[in-house]
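The primary structure of each chain is shown beneath.
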Amino acid sequence: MKAVVYHGPEDIRVEEVPKPTAEPGEMVIKVISASICGTDMRIYHGQHRMYPEGTRRIPGHEVVGTISELGADVQGYTIGQVVFVAPNMGCGHCDQCVKGNNNLCKNYDAIGVTIDGGFAEYLRVPENAIRQGNIIPISEDVDPAVAALLEPFACVLRGQNAVNILPGDVVLVIGAGPIGIMHVKLAKARGAGLVIVSEPLDFRANQAKNAGADVTINPIEQNLQSEIEQLTVGKGADVIITAAPVHSAQESALQLAAIGGRINFFGGLPKDRPTIQFDSNAVHYKELVITGTTACSTADCWQASRLVTQGVVDLSDLVSKRFTIDQALEAFEAAQNRESLKIVIEP
Ligand SMILES: [Zn+2]
Ligand SMILES: [Zn+2]
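As the structure is a computational prediction, the values presented were derived from the model and not from experiment.

Colleague: Would you mind showing me how to read the side chain of T55 here?
Modeller: Here T55 shows up in the loop between α1 (38-44) and β4 (63-70). A polar atom in the side chain of T55 sits 2.5 Å from the backbone oxygen of P52.

What follows is the structure, encoded as structure tokens:
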């Protein structure tokens, strides 16, 4: 079969590799759609810790396909069924796994990260993933490219579950990349009263508007602090989500938050510069709640699938472009372009 194989930094190749088969307890998925994520771009540039030097692996962890082979002892699924594959697997029996946070398991595995992923014609799903409920059926009237976005959307959902957006809340989303756009859509669906987006790039700010943002602010040309004060009559934002890997975004969130505000540090910072100036008194005197979330659990993926398949949140306009597997290099190029939202490879 054809697959996109990582050989080293900026060196991915479309190659012929052996088609996987299903051992007992496993299944093989014929991939329909697999979207490119920021994580894949980090992998591509050789910056992912799970892809150390010498790694040869197929990336791709946002995957939808049809079940093409079922190993012995796998029950409850049918050949040809369309499914989304939640990528993260835990050991299944540690404290975090038992709580449902398999993304936080110390011995975690992830499709496309620690094992071969979905930028290929076929994907082998290990027994552990099937046992943990990672196979999520998708109804056939949902565009598979949109269903592939369940993974990043589940991460967004996890972030917002941590800050519990209430109807009427003022929500500030910092950054309007694909993740910021999903945050806008979800905050709206949760009943946020005012969704404000801070984004310096015009086309991205426009995308945020189209996604339902009530106000967009250019933090370079405008004073974010005074704009937020004006919009909230001096109160500040009830919820702030930083969806940009920018130090100043995290630092300013403490000032921009209302008393009792909740903050989610959604986007991580560069590995070699993870520290920020932290106004501890702002947290103390305003009783702020600061949360961090990373990736998504399988439970988050199931919740995300219900929101998307039942039309509560429409992600269809996030799919910017589709490429065949032979065009994978072009697809990675397109994913670098900040004007595109999500790029999908469709083998
Ligand atoms: Zn992802
Ligand atoms: Zn575990």
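Next comes the rest of the description.
Colleague: Would you take a moment to explain the coordination of the zinc ion (ligand 2) for this structure?
Modeller: Here the zinc ion (ligand 2) is held by C91 (SG), C94 (SG), C97 (SG) and C105 (SG), and the distances to it run 2.3 to 2.4 Å. One way to put it: the 4 donor atoms around the zinc ion (ligand 2) meet at angles of 104 to 116°, and that makes the site tetrahedral. If you list the donors of the zinc ion (ligand 2) from N- to C-terminus, the spacing comes out as C-x2-C-x2-C-x7-C. By relative accessible area, C97 is classed as buried at 12%.

Colleague: Is there a simple way to think about the layout of surface pockets in this case?
Modeller: In this approach the atoms are scanned with a rolling probe the size of a water molecule, which exposes any empty space left behind. Taken as a whole, the second largest pocket holds about 190 Å³ of empty space. The dominant element in the lining of the second largest pocket, judged by the number of residues it contributes, is strand β8 (residues 122-125), at 3 residues. The residue makeup of the lining of the second largest pocket, split by class, is 9 nonpolar, 1 polar and 3 charged.

Colleague: Explain the coordination of the zinc ion (ligand 1) here, please?
Modeller: Geometry reference: four tetrahedral donors at a metal, ideal angle 109.5 degrees. Six octahedral donors, ideal angles 90 or 180 degrees. Ligation of the zinc ion (ligand 1) by protein atoms is provided by C37 (SG), H61 (NE2), E62 (OE) and E151 (OE), these donors lying 2.1 to 2.4 Å from the ion. Viewed at the metal, the 4 donor atoms of the zinc ion (ligand 1) are separated by angles of 85 to 159°, and the geometry they form is irregular. Counting residues between consecutive donors of the zinc ion (ligand 1) along the chain gives the motif C-x23-H-E-x88-E. One end of the pair, H61, is in the loop between α1 and β4; the other, E151, is in helix α5 (residues 150-163), with 90 residues separating them in the sequence. Accessibility assignment for this pair places H61 and E151 in one class, buried.

Colleague: Is there a simple way to explain the environment of S252 in this structure?
Modeller: Position of S252 among the secondary structure elements: in helix α9 (residues 247-256). Taking C-alpha positions, S252 is 35 Å from T114, a pair spaced 138 residues apart along the chain.

Colleague: Honestly, the packing of aromatic side chains in this entry has me stumped. Any pointers?
Modeller: For the structure shown, the criterion picks out 3 aromatic pairs. Relative to F332, the ring of F119 has its centre 5.9 Å away and its plane inclined at 85°; by these criteria the two rings are edge-to-face. Of this pair, F119 sits in the loop between β7 (109-110) and β8 while F332 sits in helix α12 (residues 328-336), and the two are 213 residues apart along the sequence. With a relative accessible area of 0%, F119 lands in the buried category. Using a relative accessible area of 1% as the deciding quantity, one classes F332 as buried. Put simply, the rings of Y44, F119 and F332 pair up and form one aromatic cluster. Against the face of Y122 rests K19, its NZ or CZ located 4.5 Å from the ring centre. Positioned above the aromatic ring of Y51 is the side chain of R57, whose terminal nitrogen or guanidinium carbon lies 5.0 Å from the ring centre.

Colleague: What is the right way to look at the nonpolar core in this model?
Modeller: In summary, soluble globular proteins display a tendency toward joint burial of nonpolar side chains. Membership of the largest hydrophobic core comes to 48 residues, with the highest contact counts inside it found for F84, F153, V171 and L315. Where this core is concerned, the elements lending two or more residues are β5 (82-85), α4 (144-148), α5, β10 (170-174), α6 (178-189), β11 (194-198), β13 (237-242) and α11 (298-309). For this core, the leading source of residues is α5, giving 7 residues. Taken together, domain 1 (2-149 + 315-345) and domain 2 (154-292) each give at least three residues to this core, which thus spans both. Once residues within four sequence positions are removed from consideration, F153 is found in contact with M182, L186, A304, L307, V308, V313 and L315.

Conventions and cut-offs
- Residues numbered from 1 in each chain as written.
- Chains lettered and ligands numbered in written order.
- Predicted model: local features only at pLDDT ≥ 70, side-chain atom pairs only at ≥ 80, totals over all residues.
- Heavy atoms only, no water.
- Helix = DSSP H or I, 4+ residues; strand = E, 2+ residues; numbered from the N terminus.
- Polar contact = N/O pair within 3.5 Å; in protein donor to acceptor, adjacent residues only side chain to side chain.
- Donors = N, O, S within 2.8 Å, 3.2 Å for Na, K, Ca; no water.
- Tetrahedral: all angles 85-135°; square planar, octahedral: opposite > 155°, others 65-115°.
- Buried < 20%, exposed > 50% of the residue type's maximum accessible area, 1.4 Å probe, protein only.
- 1 Å grid on protein atoms, 1.4 Å probe; cavity = no way out; pocket = protein on both sides within 12 Å on 5 of 7 lines; lining within 4 Å.
- Points joined across faces, edges and corners; volume = space filled by probe spheres on them.
- Nonpolar A, V, L, I, M, F, W, Y, C, P; charged D, E, K, R; others polar.
- Phe/Tyr/Trp six-rings, centres within 6.5 Å; stacked < 30°, edge-to-face > 60°.
- Lys NZ or Arg CZ within 6 Å of the ring centre and 35° of its normal.
- Core = buried A, V, L, I, M, F, W, Y, C linked by side-chain atoms within 4.5 Å.
- Domains from an automatic or database assignment.
- Contact = heavy atoms within 4.5 Å.

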